[in-house]
Amino acid sequence: MGKESALCTIFVDGKNIGRVSDGAAFATEIRANRRKGLLSGEINVAFIKELNEVHINADKGRVRKPYIVVENGKSKLDDQLMEKVRSKEIDFNYLVRRGIIEYLDAEEEENIYAAMRENEINSKTTHLEVDPAIMFGVTVNGSVFPEFNSVGKHPLAWQLMKQAQALPVMNFSNRFGARSFLLHYPQAPLIDSVTYRAANLSKHANGQNLIVAVTTYHGYNMSDAVVVNRASIERGIGRSSFFKTYADEERRYPGGQQDRFTIPSPTVEGYEGEQAYTKLGEDGIVEEEMEVNEGDIVIGKVSPPRFLEEQTAFGAGIDKSRDNSVKLKAGESGVVDNVMVTETSGATKIVKVVVRSEMFPEHGDKMGSRHAQKGVIGSIIPQEEMPFTSSGIVPDLLLNPMGLPNRMTAGHILEMLGAKATCVNGIIGDGTPFARKGNDLIKEYGDVLERSGYDRYGNEMLYDGRTGRRLKSEIFIGPVYYFRLSQMTKLKLQVRSRGPVQILTRQPTEGKPRSGGIRFEEMQRDALVGHGASILLKDRMLDQSDKDSVWICRECGDTGYMDRVKNVPVCPMCGGTSKLESVEISYAFKLLLDELKSMHILARINLKSD
Amino acid sequence: MIVMAKRSNSGKVQYGEPVGVVTAQSLGERSTQMVLRTFHQAGVSSEVISAGLPRLIEIVDARKRAKHALMTIRFDKGIAKDYERVKEIKQKLEEVSINTLINGFDENLKNGTMLLHFDKDAMSAHSITLRKVMEILSSRFPDIEVSNEGNEVTIRYKKRKDVRGVRTAFVHVRDEIVSGVEGIQKAVINSEGETFYIAVSGSNLKGVMDIEGVRPENIYTNDIFEVLSVFGIEAARNAIANEIAYVFDIEKASMNFKHIALLADTMTYSGTIKSVGRHGVAGDKESVFARAAYEETIKHFVNAGFFSETDRLRGVAENIIIGRQITVGTGKVKLMIKNEELERFKPEDGEKE
């Protein structure tokens, strides 16, 4: 050891390739050569003092971030170069090639001393941040004033932005995605940020600027609900289209049979009557711009029989095919938007039908801002009954003030103030993280508002729309960029009193698409047992579920059946006809008895007269 | 008296009240809470106890070996305030193996000998003499010869051809307990005002009770099976109830003691401790359907078919399965009328039937 340990080990992509005497100088030399362009800019080098190792990385998968190089206490990106950048004489890549801006990976970042802003550069500084906002990614920079919000709210806010209905693509009319939304009147935000400008997000806006008054409304916006102006909805706030694609293919089966897209003929098994297929065109596919409702068939398809036919005396001439058409599920409706017929790579014919439906905001639909302030619509109030300002502005949305203090979303409030100032002076506000100080912003926005005769903190006197009286306190009012989120009542609402049952157990079905009920399970059962509510329990578990009457033999205890020809119940075990009683049991229990019989266990039921 | 009568009446339940379900719900809700937040007790020196949900599961599963058995030992009046005498008893309690008394050892498997280097300080700390150790070893292991030279004890295995035997014998020798009560690993003296008591990990009721100065009626152990074997099932029932109540008490999840008592009763009414689960309370249910609905469905049905079992349909689960009114709560009561009384309800003249 001894002498060897003084040498610095060099690793390239994790492989030990040799040693040098001075690791730090070696790393510096590589860096210098990289900046000169002698080495690729994709190489990163890090000198790790504690281990006396130099790690050179040139492999894929490293996350790298650009920094401006600082030499001798001065940024290499000087005014002269900046002027050239502004005049578009040179671009970012030019700066990277010249070694003025370099990309560093996580390991090399450990070797640098970076200044956040140019005026913070001192003699030790090696690099300068391109912009404070670059510490975040695209999504974080997509929200405005994030530095004023609670840290825990940021992920929730981005989660909301992902759910927003928007204008995601321009070729939406040619798309066949499973589910998609299209916001009809998207607006560019009044306050934007670097991401909005760099990624041109304002052209693909996903929200609308709503005038929000932070006030209550007779309890309709308690617990995070929002009250929405009916006239605003009628003017197009939050209006969107929902596209759902129904797809099917002509499957091939072993034995040379295959599905066919067609209008099923009346001989087909499961034929639903002529009426059901009227919306289909000649090819068995629904016509474009046809109105369709739940249960309507959009793709007519005939499948070969499930089991191979037995040879009858008449030959195989009888059509035993079955109807396997695609229907709209319960609660779905709309207008056929687009139909596509094509083939897969396996030469199987496939059909896709896009059904479009218009979604107006209604009770229970979810709305949210860029600050994780989400809520459902609690009430839709006519414009006449909404509060209004002295200048006649009626808010689009009433937000409950109780949602703000404990969530610490000060960015929401700042956005309202900034957007209000934007409305007055016409300059789109900048909500880029760490671009400005909060006090400066408030002062700037306040000055703008005050100059135009508004209160510098955005408060205004409001008048009650119902009585015309002035509200006692001033109310904070201003525009906020709101999203309409994809959670909508129309897609979720489902009720059932009676409806379909499962074939096997005869118990009610489950889930919305099958118009099912809400399960009454073990713990719910225990709750009723705990209350001793025996009749109610029987009602849930039997009467409203899978009640059935079964013939049971008094003699042998086995289940019998009704002979419909002779109209007498028969016991197949002892052959008797007179000793059977009709007993009401759960069908699931009858099924259990049958399954036990299949295991060679006969459960005999001894009847007792009460 | 009036207060007592009121209290007594308030504790009564209605006829047909499903107390078992209510108990299960009360315990179940609180234990789900315990999964979410468990209070960690600041340990008193080495006193590690399993608390919270793991301990509750341990009790309810009727595990024979509790993870952390604990005993609290109290003393006669004369001794309890005397630290020195309590310390003396503490030394009698703690298990001391040869391993803790030696500095090291040298094995010679070829000759079948082992040299043990005894540590004088360790021996005096446990107040054991070398002579006593040698006596114990030679009396407990007939196959070895013990001789000493100062603090070096030589152990010679008589059948030295059997190397495997030599090794195991030497391991046994080193693990041999020379003083203390079996099963008691660590004792800690705690004080309660002026009186001292000893908390030990490990449990051995009988062994501790025999020690002079210990008040047998004031020993507490959290090992339920120990209580069962020493004091019987009634005591075990109380031990279960108290231990469960203690678990909930630590978690600040209080509930009516009657619920806990009912659980303890269900576990012990048969005379032995039954676990709550398919091998105990649930597995011993009368009804085939109730058992099959819980676990091992097929096994129960096959056995029922084999032995021609009859289900009297008296419980709750089986009646729900077949779709009858359950036999608790409002389903417990039946309307009855004497035949002769019916006469009185015959329609009067002129009244239509």
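Residues numbered from 1 in each chain as written. Chains lettered and ligands numbered in written order. Predicted model: local features only at pLDDT ≥ 70, side-chain atom pairs only at ≥ 80, totals over all residues.

**Q** Looking at this model, I keep getting lost on the overall build of chain A. Mind explaining?
**A** Looking only at helices and strands, one finds 14 helices and 34 strands in chain A. Against the globule reference of 25 Å for 610 residues, chain A gives a C-alpha radius of gyration of 36 Å, more extended than a compact globule. Of the contacts made within chain A by residues no fewer than 6 positions apart, 66% connect residues no fewer than 24 positions apart. (Helix = DSSP H or I, 4+ residues; strand = E, 2+ residues; numbered from the N terminus. Rg over C-alpha atoms; globule rule 2.2 N^0.38 Å. Contact = placed C-beta atoms within 7 Å.)

**Q** Got a minute to help me understand the overall build of chain B in this structure?
**A** Looking only at helices and strands, chain B has 17 helices and 10 strands in total. At 30 Å, chain B has a C-alpha radius of gyration far larger than the 20 Å of a compact globule built from 353 residues. Along the first, second and third principal axes, the C-alpha atoms of chain B reach 120 × 60 × 40 Å. Out of the 353 residues belonging to chain B, those deemed buried represent 28%. Here the contacts in chain B between residues at least 6 apart in sequence split such that 58% fall between residues at least 24 apart. (Buried ≥ 20, exposed ≤ 12 C-beta atoms within 10 Å, placed from the backbone.)

**Q** Just checking my understanding: could you explain the nonpolar core for this structure?
**A** As a rule of thumb, nonpolar side chains are buried together in soluble globular proteins. Counting residues in each nonpolar core, the largest one holds 74 residues, and the members touching the most others are Val212, Val226, Ile285, Val298, Val353 and Leu397 of chain A. Considering each element in turn, this core owes the most residues, seven residues, to strand β30 (residues 475-484) of chain A. Shared between two domains, this core takes at least three residues from each, and those domains are domain 2 (146-239 + 363-484) and domain 3 (241-359) of chain A. Look past the residues within four positions of valine 353 of chain A in its chain and what remains in contact with it is Thr245, Tyr246, Ile285, Val286, Val298, Ile299, Val336 and Val339 of chain A. Counting residues in each nonpolar core, the second largest holds 23 residues, with Leu528 and Tyr587 of chain A together with Ala304 and Ile322 of chain B among its members. (Core = buried A, V, L, I, M, F, W, Y, C linked by C-beta atoms within 7 Å. Domains from an automatic or database assignment.)

**Q** Teacher, can you tell me more about the sheet that holds strand β34 (residues 580-586) of chain A here?
**A** Think of a sheet as strands paired side by side through backbone hydrogen bonds, with each pair either parallel or antiparallel. All names here are of chain A. Taken in spatial order, the four strands make up an open sheet running β33-β32-β31-β34, and their pairing is antiparallel. Lying at the two open borders of the sheet, with one neighbouring strand each, are β33 (568-570) and β34. Here the average twist between neighbouring strands, direction ignored, is 50°. Two elements, strand β32 (residues 559-563) and β33, share three bridges in a ladder whose sense is antiparallel. Each bridged residue has a counterpart across the sheet, and for methionine 562 the counterpart in β33 is proline 569. Across the sheet, helix α13 (residues 534-546) lies against β31 (547-553) and β34, angled at about 90° from β31, the strand it touches most. (Pairing = 2+ DSSP bridges. Axes fitted to C-alpha atoms, helices over the stretch in contact; angles between N-to-C directions.)

**Q** Sorry, what's going on with the domain arrangement of chain A here?
**A** Accessible area lost on assembly of the parts is the figure often given for the size of an interface. Residue and element names in this part refer to chain A. According to the domain assignment, chain A contains domain 1 (4-135), domain 2 (146-239 + 363-484), domain 3 (241-359) and domain 4 (494-610). With centres defined by C-alpha atoms, the gap from domain 2 to domain 3 works out at 45 Å. Domain 2 puts nine residues into the contact, and the matching count from domain 3 is nine residues.

**Q** Is there a simple way to explain the environment of proline 66 of chain A in this structure?
**A** Residues and elements named next belong to chain A. Examined against the element boundaries, proline 66 turns out to sit in strand β5 (residues 64-71). Sequence separation between proline 66 and glycine 453 is 387 residues, and the spatial gap between their C-alpha atoms is 45 Å. With residues up to four places along the chain from it excluded, the contact list for proline 66 reads Ile101, Tyr103 and Val130.

**Q** I tried to follow helix α14 (residues 587-598) of chain A on my own but got confused; where do I start?
**A** Residues separated by three or four positions in an α-helix point in the same direction, a consequence of the helix having 3.6 residues per turn. Its 12 residues place the ends of α14 of chain A 17 Å apart at the C-alpha level, agreeing with the 16 Å of an ideal helix rising 1.5 Å per residue. Among all positions in α14 of chain A, only Tyr587, Ala588, Phe589, Lys590 and Leu592 of chain A are buried. Among the structural elements, α13, β31, β32 and β34 of chain A together with α16 (317-322) of chain B are those in contact with the buried residues of α14 of chain A. (Expected span 1.5 Å × (residues − 1).)

**Q** What is the right way to look at helix α9 (residues 163-175) of chain B in this model?
**A** Residue and element names in this part refer to chain B. A rise of 1.5 Å per residue sets the reference length of α9, with its 13 residues, at 18 Å; its end C-alpha atoms lie 18 Å apart and thus fit the reference within 8%. All buried positions along α9 are accounted for by Val166, Ala169, Phe170 and Val173. Each buried residue of α9 sits inside an arc of 100° when the element is viewed along its axis, so together they form one side. Facing away from the buried side of α9 by more than 90 degrees, the exposed set consists of Arg164, Thr168, Val171 and Asp175. Among the structural elements, α6 (98-101), β3 (102-108), β4 (113-118), α8 (130-140), β5 (144-149) and β6 (152-157) are those in contact with the buried residues of α9. (Arc of directions from axis to C-beta.)

**Q** Sorry, what's going on with the interface of chain B and chain A here?
**A** Contacts between the two partners involve 20 residues from chain B, matched on the other side by 20 residues from chain A. Looking at the side of chain B that touches chain A, the elements that each hand over two or more residues are α2 (19-36), α15 (297-306) and α16 of chain B. When its residues are assigned to classes, the side of chain B that touches chain A shows 11 nonpolar, eight polar and one charged. (Nonpolar A, V, L, I, M, F, W, Y, C, P; charged D, E, K, R; others polar.)

**Q** I would appreciate a short explanation of the sheet that holds strand β1 (residues 70-73) of chain B in the present structure.
**A** Residue and element names in this part refer to chain B. Spatially, four strands are ordered β8-β9-β1-β10 in an open sheet, and the strand pairing comes out antiparallel. The sheet is open, and its two edges are formed by β8 (186-192) and β10 (220-221), each paired on a single side. Of the strand pairs in this sheet, β1 and β10 are connected by two bridges, and their pairing is antiparallel. Bridge pairing in β10 links methionine 71 to threonine 221. Most of the contacts of helix α5 (residues 83-93) go to strand β9 (residues 195-201), to which it runs at about 15°, and overall it touches β8 and β9.

**Q** Just checking my understanding: could you explain unusual backbone geometry for this structure?
**A** Comment: phi is negative for the bulk of residues other than glycine, and the bulk of peptide bonds are trans. The phi angle at asparagine 200 of chain A is positive, at roughly 55°, despite the residue not being glycine. Its place among the elements puts asparagine 200 of chain A in the loop between α7 (194-198) and β12 (208-214).

**Q** Hey, could you run me through the environment of glycine 52 of chain B in this one?
**A** All names here are of chain B. Following the sequence through the fold, glycine 52 ends up in helix α3 (residues 52-60). Accessibility expressed as a C-beta count within 10 Å gives 20 for glycine 52, which makes it buried. Between the C-alpha atoms of glycine 52 and serine 31, which are 21 residues apart in sequence, the distance is 8.3 Å.

**Q** What exactly am I supposed to notice about the pairing of strand β23 (residues 366-369) of chain A here?
**A** Within a regular strand, side chains alternate between the sheet's two faces. Residues and elements named next belong to chain A. Of the two faces of β23, both are covered, the one formed by Lys366 and Gly368 as well as the one formed by Met367 and Ser369. The sheet contact formed by β23 and strand β24 (residues 374-381) spans three bridges and is antiparallel. Along β24, the bridge assignment pairs glycine 368 with lysine 374. Counting the residues in the hairpin turn of β23 and β24 gives four residues, including alanine 372, whose phi is positive at 60°. The pairing of β23 with β30 spans three bridges and is classified as antiparallel. Looking across to β30, one finds that serine 369 is bridged to tyrosine 482.

**Q** What is the right way to read the confidence of the model for chain B from this model?
**A** Here chain B shows a mean pLDDT of 82. Residues at 70 or above account for 93%. Residue range residues 43-47 of chain B is modelled with pLDDT below 50. Its contacts to residues more than four positions away, or to other chains, number eight contacts. (pLDDT = per-residue confidence, 0-100.)

**Q** Where do I start with the environment of asparagine 148 of chain B in this structure?
**A** Residue and element names in this part refer to chain B. Secondary-structure assignment places asparagine 148 in strand β5. Placed 141 residues apart in sequence, asparagine 148 and phenylalanine 289 show a C-alpha to C-alpha distance of 70 Å. With near-sequence residues (within four places) excluded, asparagine 148 lies in contact with Leu130, Met134 and Val153.

**Q** What is the right way to look at the packing of α3 of chain B against helix α12 (residues 233-250) of chain B in this model?
**A** The angle between the axes and the distance between the axes are what describe a pair of packed helices. All names here are of chain B. Orientation of α3 relative to α12, taken along the N-to-C sense of each, is 165°, at an axis distance of 9 Å. By the angle between their directions, the pair α3 and α12 is classed as roughly antiparallel. As α3 packs across α12, the resulting crossing turns out to be left-handed. Every residue of α12 that contacts α3 at Gly52, Arg55, Leu56 and Ile59 is listed here: Ile240, Glu243, Ile244 and Val247. Each residue belonging to the contact of α3 with α12 can be placed in one class, and the counts come to five nonpolar, one polar and two charged. (Parallel < 35°, antiparallel > 145°, perpendicular 65-115°, else oblique. Left-handed = near helix turned anticlockwise from the far one by under 90°.)

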